[in-house]
Amino acid sequence: MRLILNLIWLVLCGLWMAIGYLLAGLVAFVLIVTIPFGIAAFRIASYVLWPFGRTIEPRQDAGVGSLIGNIVWIILFGWWLALGHLVTGIVLCITIIGIPLGLASFKLIPISLLPLGVRIVPADNARAFAA
């Protein structure tokens, strides 16, 4: 089932959303100081291409640098990418078949806003995060 959902996702919205992350990554690399954002954007682009069967989990070693970086990310790139996921999710949820894809698009909003301090892991290996 994951394979089918990932293939449909790739055709309907995964490819163009990944292109958005790749463009954000290229801009981040041009600005030199924001190269870590570019690396994060490329990492998320691969997740956006094939999201089913993977999830995100917080990194235990994330600190204040991740918080500051996430604030800068939101200002520069995050809100545009999150808006793209929101619009895509709403459009996909209009049809019954698109509802799982729309929910997946909504699931990507947190990482599009706060990419630093999390990692992408297979859903089968995800740990429960205890606060």
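Residues numbered from 1 in each chain as written. Predicted model: local features only at pLDDT ≥ 70, side-chain atom pairs only at ≥ 80, totals over all residues. Heavy atoms only, no water.

The subject of this paragraph is the pattern of salt bridges. A full pass over the atoms with the stated rule returns three salt bridges. A salt bridge links Asp-124 to Arg-2, with the nearest nitrogen and oxygen atoms 3.2 Å apart. One end of the pair, Asp-124, is in the segment after strand S2 (118-122); the other, Arg-2, is in helix H1 (residues 2-30), and 122 residues separate them in sequence. Judged by relative accessible area, Arg-2 falls into the partly exposed class, the value being 41%. Among the salt bridges present, the one from Arg-119 reaches Glu-57, with a minimum N-O distance of 2.4 Å. Pair noted here: Arg-119 is in strand S2 and Glu-57 is in strand S1 (residues 54-58), with a separation of 62 residues, a long-range link. (Salt bridge = Lys/Arg side-chain N within 4 Å of Asp/Glu carboxyl O. Helix = DSSP H or I, 4+ residues; strand = E, 2+ residues; numbered from the N terminus. Buried < 20%, exposed > 50% of the residue type's maximum accessible area, 1.4 Å probe, protein only.)

The next point concerns the packing of helix H3 (residues 64-92) against helix H4 (residues 99-107). Across the interface, H3 lies against H4 with an axial gap of 7 Å and an inter-helix angle of 165°. The angle between the axes of H3 and H4 places the two elements in the roughly antiparallel class. Where H3 crosses over H4, the two elements pack in a sense that is left-handed. Contacts between H3 and H4 involve His-85, Leu-86, Thr-88, Gly-89, Ile-90 and Leu-92 from the first element and Ile-99, Leu-101, Gly-102, Ser-105 and Phe-106 from the second. Within the contact of H3 with H4, the residues separate by chemical class into six nonpolar, five polar and no charged. (Axes fitted to C-alpha atoms, helices over the stretch in contact; angles between N-to-C directions. Parallel < 35°, antiparallel > 145°, perpendicular 65-115°, else oblique. Left-handed = near helix turned anticlockwise from the far one by under 90°. Contact = heavy atoms within 4.5 Å. Nonpolar A, V, L, I, M, F, W, Y, C, P; charged D, E, K, R; others polar.)

Trp-9, Tyr-21 and Phe-77 are the most contacted members of the largest nonpolar core, which totals 26 residues. Elements represented by at least two residues in this core include exactly H1, helix H2 (35-49), H3 and H4. Those residues in contact with Tyr-21 that lie beyond four places of it in its chain are Ala-41, Ile-44, Ala-45, Val-48, Leu-81, His-85 and Ser-112. (Core = buried A, V, L, I, M, F, W, Y, C linked by side-chain atoms within 4.5 Å.)

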